[in-house]
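Below, each chain spelled out in residue letters.
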Amino acid sequence: MDTASVEKDLVNILFTEEEIQAKIQELARQIERDYEGRELLIVGVLKGAVMVMADLARALDRHVEMDWMAVSSYGSGTKSSGVVRILKDLDTDISGRDVLIVDEIIDTGLTLSWLVSNLASRRPASVEIATLFRKPEAQTMPVSVKYVGWDIPNEFVVGYGLDYKERYRNLRSVGTLAPHIYS
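The sections below set out a description of the structure shown in this document.

How each quantity is defined
- Residue positions are counted from 1 within each chain, in the order its sequence is given.
- Per-residue local features of the predicted model are confined to residues with pLDDT of at least 70, and side-chain atom pairs are confined, for both listing and counting, to 80 or more; whole-chain, interface and lining totals are unaffected and use all residues.
- Side-chain descriptors were evaluated using all non-hydrogen atoms of the structure, hydrogens and water having been removed beforehand.
- To qualify as a helix, a DSSP run of H or I must reach at least 4 residues; to qualify as a strand, a run of E must reach at least 2; elements of each kind are numbered from the N terminus.
- C-alpha atoms define the radius of gyration, and 2.2 Å times the number of residues to the power 0.38 defines the globule rule.
- Per-residue accessibility, obtained with a 1.4 Å probe over protein chains only, is compared with the maximum for each type, and a residue is labelled buried under 20%, exposed over 50%, and partly exposed between these values.
- In what follows, a contact means two residues having at least one pair of non-hydrogen atoms within 4.5 Å.
- In this description, strands pair whenever DSSP reports at least two bridges between them.
- An axis is simply a line fitted to the C-alpha atoms; with a helix, the fit covers only the stretch in contact. Between two such axes, the angle follows the N-to-C directions and lies from 0 to 180 degrees.
- For classification purposes, angles smaller than 35 degrees are called roughly parallel, those larger than 145 roughly antiparallel, those between 65 and 115 roughly perpendicular, and all remaining angles oblique.
- Note: crossing handedness is left-handed where the near helix turns anticlockwise from the far helix by less than a right angle, and right-handed where it turns clockwise.
- We call Asp, Glu, Lys and Arg charged. Ala, Val, Leu, Ile, Met, Phe, Trp, Tyr, Cys and Pro are nonpolar, and the rest, Gly among them, are polar.

1. What to know about the overall build of the chain
Per the secondary structure count, the chain includes 4 helices and 9 strands. The linear arrangement of helices and strands in the chain, starting from the amino end, is β-α-β-α-β-β-β-α-β-β-β-β-α. For 183 residues, the compact-globule estimate of 2.2 N^0.38 gives 16 Å, and the C-alpha radius of gyration of the chain, at 16 Å, lies within 12% of that figure. Across its three principal axes, the chain shows a C-alpha extent of roughly 50 × 35 × 25 Å. Within the chain, the fraction of its 183 residues that count as buried is 49%. Long-range contacts, defined here as pairs at least 24 residues apart, represent 66% of the contacts in the chain between residues at least 6 apart.

See the structure below:
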């Protein structure tokens, strides 16, 4: 979906499709260097990470295995509930594996902090995080993130996998959602 389709719903565009794709390529080159000679399992966090995960996997010039988890701390609201639930677990045994969690955004850090702890208990060789967006001002839980596309303001953003009530995920750019939409 193009921004023209939802321009009245957005305050501004933070990143265009072209900027996002360039950043994905940049992250892919860093990941390739860091995991050279090692097998890599990338784990996408559903549903938001679908776009990032697909584009990142295609940008990598190497074989990777992919798996998915669905975890939630939001429900249908705009603020974290504080309780993390697994909605879909991995299909892959990660013991002894290098695991890279791929998410679209780190907001409070609650979900990712919990997820790293959960996966670390399964005895992987390593667990790291890649995210396209991070909101440092919103973070309440410490999370060590190895790959970050951009730090962004603590605003409600949508597009490129980021949603409000399951809408806007297919927007090719990322923009700030107008408060009249979610107020």
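2. Section: the sheet that holds strand β9 (residues 174-177)
Sheet architecture is open: 3 strands sit in the order β1-β9-β8, paired in antiparallel fashion. Edge positions in the open sheet fall to β1 (10-15) and β8 (157-158), since each of these has one partner strand only. Pairing geometry for β8 and β9, over 2 bridges, is antiparallel. Bridge pairing in β9 places V158 opposite G175.

3. With respect to the sheet that holds strand β2 (residues 40-46)
Ordered in space as β4-β3-β2-β5-β6-β7, the 6 strands form an open sheet in which the pairing is mixed. Here the strands that pair on one side only, and so sit at the sheet edges, are β4 (85-88) and β7 (147-151). The mean angle between the axes of side-by-side strands here comes to 30 degrees, regardless of whether they run parallel or antiparallel. Sheet analysis places β2 next to strand β5 (residues 98-106), joined by 5 bridges and oriented parallel. Considered in β5, the bridge of V43 is made with I101.

4. A word on the packing of helix α1 (residues 17-34) against helix α2 (residues 50-59)
Interaxial distance between α1 and α2 falls to 9 Å at its minimum, and their mutual angle equals 55 degrees. Classified by the interaxial angle, the pair formed by α1 and α2 is oblique. By crossing handedness, the relation of α1 to α2 is classed as right-handed. Contact with α1, carried on its side by Q21, I24, Q25, A28, R29, I31 and E32, involves V52, D55, L56 and A59 of α2 and no other residues of that element. Residue classes in the contact of α1 with α2 are distributed as 6 nonpolar, 2 polar and 3 charged.

So, to be careful, I would describe these as geometric facts and stop short of saying anything about function.
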